[in-house]
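As a plain string of letters, each chain reads:
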Amino acid sequence: MNKIKPCIIGLGYVGLPLILNISKKFKTFGFDVNKKRITNLKKKIDTNKEFLSSAFNNSLQFTCNPKDIKECNFYIICVPTPVLKNKKPDLNNLTSAIKMISKILKINDIIFIESTIYPGLTEEYRNLLEKKTNLKCNKDFFMGYSPERVNPGDKVYTLKNINKIVSIDTDKKSVLSKVLKVYKIVSKKIVFSKEIKSAETAKVIENIQRDLNIALMNEILLICKKLKINFKEVVRLAETKWNFLKFNPGLVGGHCLPVDPYYLSSIAAKNKIKATVTLSGRKVNDGMSNFVLDQLKNFLKLKNKTIKSSKILLIGLSYKSGIADMRNSINFQIYNFLLKNSSNVQAFDPFVENEIKIKYGIIKKVDKKNNYDAIIFLSKSKKFGDQFKKLNTKENGFKIIDPFEYYK
Ligand SMILES: NC(=O)c1ccc[n+]([C@@H]2O[C@H](COP(=O)([O-])OP(=O)(O)OC[C@H]3O[C@@H](n4cnc5c(N)ncnc54)[C@H](O)[C@@H]3O)[C@@H](O)[C@H]2O)c1
């Protein structure tokens, strides 16, 4: 068996943890088109703030030059798969990664896609590679799909602890052995499948199910508020039934939940199926910024104030508490609205990248003596340590707005 030479393509939230693990066993290349990212990674700096320099080892090689990775023989693609403005899948990153591989593909090479995609897309890219290289999949090269479940900021469900789906449609022992050798370093538990389309579908439905469940709780929260019903008490009572599933309402952002329903619905639409339920959570979850702003307006109204005339502090800007990722952040949308509509708004989030902090004037420290008219918590306060413990005191005038109980 020839030596396994892995290369991770795309070194963001998904690709970096992967390469840090795989390089413990194999000399591994990391390729990214973002030169700044490569420069930082060469200096062992992760601007996503997920890893310290001590997590980097010496068998890592970072590059933006495709020539450097042409000797590799096990490519894992982790590039972004967002949606376009019209919510159709944006496959530009993935297509360009596949086209790059087509120029360096050799006999017996193995390629895995880890980016989230819709069912059937691995096969489409397999066809593209065959057309561009005149090589045959499952004879000359091998291609699989392994969806990613990494959860940035999560110290319990780390890459190593998460069950990893690995799918490839081959019986060739030498290939399966290489695949297992690589993925066993990544995860303690491999869930193997020969059905690539099933693995592709499993990934998107995991996120769609979560998006829908949160949307349902968000909608129930809106109804309860309107009808002056105690939402918390409603949930306390309902969850005493054995089969009630408890999900919390909240802001849904990031690269996965607000995106994946559109991937599945796009392939459904191509096959003349309208994915009504799949998409039904999107509008509710995207609309929760209005709920937060209404809470703020009502709170200020009681003090005879308006957004325009108030000094407001927003806590938590990234899409999820305790991480740097700003993609599809509703918190950030709310901040931008306030910046436009109030002359005195500040935001605090120590986790976001320095560049963003500077660009958007995010404050470094909360001065508790500062006389804010309202402090809105859009991130879980426990992620900031003890610093906000005594914020909700009489001296501070109970200025906290906590739409999703992130402060409590
Ligand atoms: N972030 C998550 O929590 C998460 C979880 C599960 C699955 N995913 C999926 O994993 C994929 C990657 O997401 P991410 O969060 O790591 O994205 P990311 O933006 O953090 O990182 C992607 C990296 O790929 C690079 N890139 C873009 N095009 C490239 C190309 N053609 N060649 C090489 N590098 C390229 C970018 O410069 C970037 O550094 C997406 O499909 C996403 O849906 C993400």
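Cut-offs used in this document
- Residues numbered from 1 in each chain as written.
- Predicted model: local features only at pLDDT ≥ 70, side-chain atom pairs only at ≥ 80, totals over all residues.
- Core = buried A, V, L, I, M, F, W, Y, C linked by C-beta atoms within 7 Å.
- Buried ≥ 20, exposed ≤ 12 C-beta atoms within 10 Å, placed from the backbone.
- Helix = DSSP H or I, 4+ residues; strand = E, 2+ residues; numbered from the N terminus.
- Contact = placed C-beta atoms within 7 Å.
- Near = placed C-beta within 6 Å.
- Nonpolar A, V, L, I, M, F, W, Y, C, P; charged D, E, K, R; others polar.
- Expected span 1.5 Å × (residues − 1).
- Pairing = 2+ DSSP bridges.
- Axes fitted to C-alpha atoms, helices over the stretch in contact; angles between N-to-C directions.
- Parallel < 35°, antiparallel > 145°, perpendicular 65-115°, else oblique.
- Left-handed = near helix turned anticlockwise from the far one by under 90°.
- Domains from an automatic or database assignment.

K.L.:
Is there a simple way to explain the nonpolar core in this structure?
P.N.:
As a rule of thumb, soluble globular proteins bury nonpolar side chains together. Ile9, Tyr75, Ile77, Leu314 and Ile376 are the most contacted members of the largest nonpolar core, which totals 99 residues. Residue contributions to this core peak at seven residues, all from helix H6 (residues 196-227). Residue contacts for Ile9: discarding those within four places in its chain leaves Phe31, Tyr75, Ile76, Ile77, Cys78, Val79 and Ala97.

K.L.:
I would appreciate a short explanation of the site of the ligand in the present structure.
P.N.:
Taken together, 26 residues surround the ligand, and among them Gly10, Gly12, Val14, Asn34 and Ser115 come closest. The dominant element in the shell around the ligand, judged by the number of residues it contributes, is helix H3 (residues 92-104), at three residues. Taken together, the residues of the shell around the ligand break down into 13 nonpolar, 10 polar and three charged.

K.L.:
What am I meant to see in helix H11 (residues 330-341) here?
P.N.:
Within an α-helix, residues lying three or four positions from one another point in the same direction, as the helix has 3.6 residues per turn. Counted at 1.5 Å a residue, the expected span for H11 with its 12 residues is 16 Å, and the 16 Å between its end C-alpha atoms agrees. Each element contacted by the buried residues of H11 is listed here: helix H10 (288-301), strand E9 (312-315) and strand E10 (345-348).

K.L.:
I would appreciate a short explanation of the sheet that holds strand E7 (residues 164-168) in the present structure.
P.N.:
The mixed open sheet is built from eight strands, whose spatial order is E3-E2-E1-E4-E5-E6-E7-E8. Each end of this open sheet is capped by a strand with a single partner; those strands are strand E3 (60-63) and strand E8 (190-193). Pairwise comparison of adjacent strand axes, ignoring direction, gives a mean angle of 20° for this sheet.

K.L.:
In this structure, what is going on with the sheet that holds strand E11 (residues 374-377)? I would like to understand it.
P.N.:
Backbone hydrogen bonds hold the strands of a sheet together, and the pairing may be parallel or antiparallel. In space, the four strands of this open sheet follow the order E10-E9-E11-E12, with parallel pairing throughout. Two strands close off the open sheet at either side, each with one partner strand: E10 and strand E12 (400-401). Summarising the sheet, E11 and E12 pair through two bridges and their orientation is parallel. Following the sheet pairing, Ile375 is matched in E12 by Ile400. On top of the sheet, H10 reaches E11 and E12; it is set at about 155° to E11, its chief contact. Where H11 meets the sheet, it contacts E9 and E10, and its direction lies at approximately 165° from that of E9.

K.L.:
Please explain the packing of H6 against helix H8 (residues 260-270) as it appears in this structure.
P.N.:
Two numbers describe a pair of packed helices, the interaxial angle and the distance between the axes. Relative orientation of the contacting elements H6 and H8 amounts to 120°, with a least axis distance of 8 Å. By the angle between their directions, the pair H6 and H8 is classed as oblique. As H6 packs across H8, the resulting crossing turns out to be left-handed. Residues Val204, Asn207, Ile208 and Asp211 of H6 touch H8, and the partners they reach there are Asp260, Pro261, Tyr263 and Leu264. By residue class, the composition of the contact of H6 with H8 is five nonpolar, one polar and two charged.

K.L.:
Looking at this structure, I do not really get unusual backbone geometry. What am I missing?
P.N.:
Its identity as a non-glycine residue notwithstanding, Asn134 has a phi of 60°, on the positive side. Mapped onto the elements of the fold, Asn134 is located in the loop between helix H4 (121-133) and strand E6 (142-145). Judged by local crowding, Asn134 falls into the exposed class, with 8 C-beta atoms found within 10 Å. If you check the backbone angles, Lys228 has positive phi at about 55° while not being a glycine. Structurally, Lys228 is set in the loop between H6 and helix H7 (231-238).

K.L.:
In this structure, what is going on with the domain arrangement of the chain? I would like to understand it.
P.N.:
Many analyses report the size of an interface as the accessible area lost when the parts associate. Per the domain assignment, the segments of the chain are domain 1 (6-194), domain 2 (203-284) and domain 3 (289-401). The centre of domain 1, based on its C-alpha atoms, is set 30 Å off from the matching centre of domain 2. Contact residues are listed per partner, giving 12 residues for domain 1 and 11 residues for domain 2. Within the side of domain 1 that touches domain 2, the residues separate by chemical class into eight nonpolar, two polar and two charged.

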